[in-house]
Amino acid sequence: MQEQSDTLILTEKVLWQECTGCRRKEGCEQFEEFSKILHCGAGNGSFSVSYNGIFRLCSSLWHPDMTYDLRNGLLKEAWEVVVPEVRNIRSSSKEFFSTCKSCPIINLCMWCAAHAHLENGSPETRVSWFCEVAKARAAELTGDPRWLTCEPWEMELPQQRALHDAIEPSARDRHE
Ligand code: SF4
């Protein structure tokens, strides 16, 4: 049971650690999934359209490469072609892979590709003040001030486990 819990906490971190030691990235299903920029459900069952006809997978996702202008095309094309294309966009940023994509406290963080783009102009970047808030939440939940001073992915497994255990089961169920 404990082993399973460790896997739940560290799945993406382990993935990236495995990937860094592996030469076969292209064609690897696991890496293809890991490197996708969108990991939320945007576009899976809903979309947004602005007052001027800009189609987005969610209301916050305004990156120009991820939108579609319905004044120049069809809703059918937006839904059937653009949505899968955007959901399939992949990153090649090693910094992104080793930070937010491997972050053990991403579920306490406001980070998502749309918010990162709105804050930084890039959907594959860490947002420093999001990081500070998430670390403060982790420290408060666990009573462990080390969360405040280290990078989230540097925290050792026992501290990650303590955080996991501190999250109420109902909240944990929503995120897992
Ligand atoms: S806590 Fe920091 S590293 Fe983790 S997801 Fe948020 S911004 Fe990224």
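Just above, that's the structure.
Please read all numbers here as calculations on a predicted model, not as lab measurements.

What counts, and at which threshold
- Residues numbered from 1 in each chain as written.
- Predicted model: local features only at pLDDT ≥ 70, side-chain atom pairs only at ≥ 80, totals over all residues.
- Helix = DSSP H or I, 4+ residues; strand = E, 2+ residues; numbered from the N terminus.
- Buried ≥ 20, exposed ≤ 12 C-beta atoms within 10 Å, placed from the backbone.
- Contact = placed C-beta atoms within 7 Å.
- Near = placed C-beta within 6 Å.
- Nonpolar A, V, L, I, M, F, W, Y, C, P; charged D, E, K, R; others polar.
- Expected span 1.5 Å × (residues − 1).
- Bend = angle between axes of the 7 residues up to and from the residue.
- Pairing = 2+ DSSP bridges.

(A) Fine view of the overall build of the protein chain. The secondary structure content of the protein chain amounts to nine helices and three strands. Beginning at the N terminus, the succession of helices and strands in the protein chain can be written as α-α-β-β-β-α-α-α-α-α-α-α. Relative to its full complement of 176 residues, the protein chain shows a buried share of 27%. Taking the contacts inside the protein chain whose residues are at least 6 apart along the sequence as the reference set, 52% of them involve residues at least 24 apart.

(B) Seen up close, the site of the ligand. Surveying the vicinity of the ligand reveals 13 residues, the closest of which are Cys100, Cys103, Cys109, Cys131 and Ala134. Residue composition of the shell around the ligand, by class: eleven nonpolar, one polar and one charged.

(C) Quick peek at helix α3 (residues 75-87). In this model, α3 (13 residues) spans 17 Å end to end at C-alpha, consistent with the 18 Å of a helix rising 1.5 Å per residue. Within α3, the axis deviates most sharply at Val81, by approximately 30°, and proline Pro84 lies no more than four positions further along. Along α3, the residues classified as buried are Ala78, Val82, Val83 and Val86. Looking at the packing, one finds that the buried side of α3 touches β2 (54-56) and β3 (68-69).

(D) A look at the sheet that holds β3. Reading across the sheet, the three strands line up as β1-β2-β3 and stay open at both edges, with antiparallel pairing between neighbours. If you trace the sheet from one side to the other, it starts and ends with β1 (48-49) and β3, each paired once. Where β2 lies against β3, two bridges are found, and the strand directions are antiparallel. Each bridged residue has a counterpart across the sheet, and for Phe55 the counterpart in β3 is Tyr68.

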